[in-house]
Amino acid sequence: MVGYDPKAKCVSTLEAAAAGSAAGLVNRVFVSPLDVIKIRFQLQIEQLSSRNPLAKYHGILQAARRILREEGLFAFWKGHVPAQFLSVGYGAVQFMVFESLTKLVHNVTSYNARDSFVHFVCGGLAACTATVAVQPVDTLRTRFAAQGEPKIYHSLRHAVVTMYRTEGLWTFYRGLTPTIIAVFPYAGLQFSFYNTFQQFSEWVIPAEGKKAGNVKNLVCGSCAGIISKTLTYPFDLFKKRLQVGGFEQARAAFGQVRTYRGLLDCVRQITREEGPGGFFKGLSPSLLKAAVSTGLIFFWYELFCSLLCTLKSTDITKKRS
C-alpha cells in the first residue's frame, strides 16, 4: 500500500498524510531512547572504547546505564516534544508527497509506479521536501538530546527564543546541506528496498502464508532500514556535529568539543583527529534504531492505511444499505 497503485485506489493524498503522521507519532515513542544514545555517540570526540579513559560512552548498554544513573529514566526522551513535532510533520509530508509523486509518474509518464527505481526517486524527493519542512524542529531535537546537566534550554519556547536571539535565524538550519545530500539516497533506498523486498516476499511466500502481512511489512521495512542507513551513515554524523555548533558550553560535561566552519571543515577535522572510524561513530545504535524505526514506520503506515480503507468500505456499505 506504500506508493500509488492504480489497482487499489483506496487511500487519498490527505489520508496518506494522516496515516504518515500517525505512524510517525507512535514510532517516535519507541525509538527515542536509541536516538538519544546514537546522538551522544555521534557527538563524542573521544574514541568509543572502554580502553580510552577519557571516553564517557563506549557501548550501547554502558551508555544506557550511565545515562540512566546520571540523568534518570526520562533522559531517554529528552527533546521528545520537538521530536514528536518532527516525526508527525515529517511522516505527514513524506508520505503525502510520495503518494502524490508516484501517482504523477503513473499519470504523465510511461514508467510503472510500482517500479523500484520510481520508488527510489520519488522517495528521495519526498524526503527532501519533508526535511526542509521540519529541519528547524530537528535542530531543536538534537540540541535537547545533546545537552547535559545543568540544562541550557529549559523549555521548547526558551530554546527557540535563545537560539534566535544569540545565533540568528539560520541556526535552525544548521546541518541542512549534509542532511539534504544524505536524505535523498537514504530515503530513496528505504522506499526502493522496501518495494523490492515486498515484491520478493510475494514471490517467495505462498498464498496461504500471506495472512501474516503485518509481520512481513515489519521485516521488509527493517531490512530496508539497515541497508540504507549503512550506506549513508556518515552524512548523518556530519549533520549532528554541525547542528550543535555554537552550543559547545552544554557539551563540556561530555568531553572534548569542536567548532566546525562548514561541512568540508567538519570532514577534514574528523579525518585528521578521529580517523576513518570517526565517520561511523554511533553506527551500532543507529543500525538498531534504523531496523526498529524503519520497520515500524512502514508497519504502522500500512496498518493505518488498512484501517482507513476498512472504515471507508464500512461507510460505503452502510450508505448502500
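What you see is a predicted model; the values in this text were computed from it and never measured. (Residues numbered from 1 in each chain as written. Predicted model: local features only at pLDDT ≥ 70, side-chain atom pairs only at ≥ 80, totals over all residues. Heavy atoms only, no water.)

Trainee: Explain the environment of Leu 34 here, please?
Mentor: Tracing the sequence through the fold places Leu 34 in helix α1 (residues 13-43). We classify Leu 34 as buried; its relative accessible area is 15%. Through-space distance from the C-alpha of Leu 34 to that of Pro 285 is 6.1 Å; in sequence the pair is 251 residues apart. Contact partners of Leu 34, with chain neighbours within four places excluded, come to Pro 285, Leu 288, Lys 289 and Val 292. (Helix = DSSP H or I, 4+ residues; strand = E, 2+ residues; numbered from the N terminus. Buried < 20%, exposed > 50% of the residue type's maximum accessible area, 1.4 Å probe, protein only. Contact = heavy atoms within 4.5 Å.)

Trainee: For this particular structure, what's the right way to read the environment of Ser 155?
Mentor: Examined against the element boundaries, Ser 155 turns out to sit in the loop between α4 (116-146) and α5 (156-167). On the basis of relative accessible area, Ser 155 is assigned to the partly exposed category, the value being 33%. In the structure, Ser 155 is positioned 11 residues away from Phe 144 in sequence and 9.1 Å away in space, judged by C-alpha atoms.

Trainee: Mind showing me how you'd approach a nonpolar patch on the surface here?
Mentor: On the surface, Val 29, Phe 30, Leu 68, Leu 73, Phe 74 and Trp 77 cluster together into a nonpolar patch covering about 630 Å² of accessible area. Looking at the element boundaries, Leu 68 is found in helix α2 (residues 60-71). (Patch = residues over 30% accessible without salt bridge, like charges linked within 9 Å, V, L, I, M, F, W, Y side chains within 5 Å. Areas by Shrake-Rupley, 256 points an atom, 1.4 Å probe, with all protein chains shown as cover. Salt bridge = Lys/Arg side-chain N within 4 Å of Asp/Glu carboxyl O.)

Trainee: So what exactly am I meant to see when it comes to the pattern of salt bridges here?
Mentor: Side chains that carry opposite charge are capable of pairing whenever their charged atoms lie near each other. Summed over all chains, the structure comprises 16 salt bridges. Between Asp 236 and Lys 38 there is a salt bridge, and its shortest N-O distance comes to 3.1 Å. Pair noted here: Asp 236 is in helix α7 (residues 213-243) and Lys 38 is in helix α1, with a separation of 198 residues, a long-range link. On the basis of relative accessibility, which here comes to 9%, the residue Asp 236 falls in the buried class. Judged by its relative accessible area of 3%, Lys 38 is buried. Between Glu 274 and Lys 281 there is a salt bridge; the shortest N-O distance is 2.8 Å.

Trainee: I tried to follow the packing of α1 against α2 on my own but got confused; where do I start?
Mentor: In a pair of packed helices, the angle between the axes and the distance between the axes together describe the arrangement. For the pair α1 and α2, interaxial distance at closest approach is 10 Å and the crossing angle is 100°. Considering the angle they form, α1 stands roughly perpendicular to α2. Touching Val 36, Ile 37, Arg 40 and Phe 41 of α1 are Ile 60, Ala 63, Ala 64, Ile 67 and Glu 71, all from α2. Each residue belonging to the contact of α1 with α2 can be placed in one class, and the counts come to seven nonpolar, no polar and two charged. (Axes fitted to C-alpha atoms, helices over the stretch in contact; angles between N-to-C directions. Parallel < 35°, antiparallel > 145°, perpendicular 65-115°, else oblique. Nonpolar A, V, L, I, M, F, W, Y, C, P; charged D, E, K, R; others polar.)

Trainee: Looking at this structure, I do not really get the environment of Gln 135. What am I missing?
Mentor: Its place among the elements puts Gln 135 in helix α4. Taking C-alpha positions, Gln 135 is 9.0 Å from Thr 179, a pair spaced 44 residues apart along the chain. Not counting the four nearest positions on each side in its chain, Gln 135 is found in contact with Phe 172, Tyr 173, Arg 174, Gly 175, Leu 176, Thr 179 and Gln 243. Engagement of the side chain of Gln 135 in a polar contact is seen with the backbone oxygen of Arg 174, the distance being 3.0 Å. (Polar contact = N/O pair within 3.5 Å; in protein donor to acceptor, adjacent residues only side chain to side chain.)

Trainee: Before we go on, may I ask you to explain the confidence of the model for the protein chain in this structure?
Mentor: Mean pLDDT over the protein chain: 84, with 90% of residues reaching 70 or higher. Highest mean pLDDT in the protein chain belongs to α2 (91); lowest belongs to helix α9 (residues 283-320) (83). (pLDDT = per-residue confidence, 0-100.)

Trainee: How do you make sense of helix α6 (residues 176-204) when you look at a structure like this?
Mentor: Along an α-helix, residues three or four positions apart point the same way, because every turn accommodates 3.6 residues. Between its first and last C-alpha atoms α6 spans 41 Å; for 29 residues at 1.5 Å apiece the expected length is 42 Å, and the two agree. Where α6 bends most, the angle comes to about 30°, and this point is Val 183, followed within four residues by the proline Pro 185. (Expected span 1.5 Å × (residues − 1). Bend = angle between axes of the 7 residues up to and from the residue.)

Trainee: Please clarify how the UniProt feature "transmembrane region" (unreviewed entry) in the protein chain should be interpreted in this entry.
Mentor: Within the UniProt annotation, "transmembrane region" (unreviewed entry) is assigned to residues 290-311. The distance separating the terminal C-alpha atoms of residues 290-311 is 31 Å; by composition the span is 100% helix and 0% strand. (UniProt positions renumbered as here; feature names shortened; annotations may be inferred.)

Trainee: Whenever I open this one, the side chain of Glu 99 confuses me. Can you help?
Mentor: On the secondary structure map, Glu 99 appears in helix α3 (residues 80-108). No salt bridge forms around the buried Glu 99; measuring N to O, its nearest opposite-charge neighbour Arg 114 is 6.5 Å away. Here the side chain of Glu 99 touches Tyr 301 through a polar contact of 2.8 Å, side chain to side chain. (Lys, Arg positive; Asp, Glu negative; His and termini not counted.)

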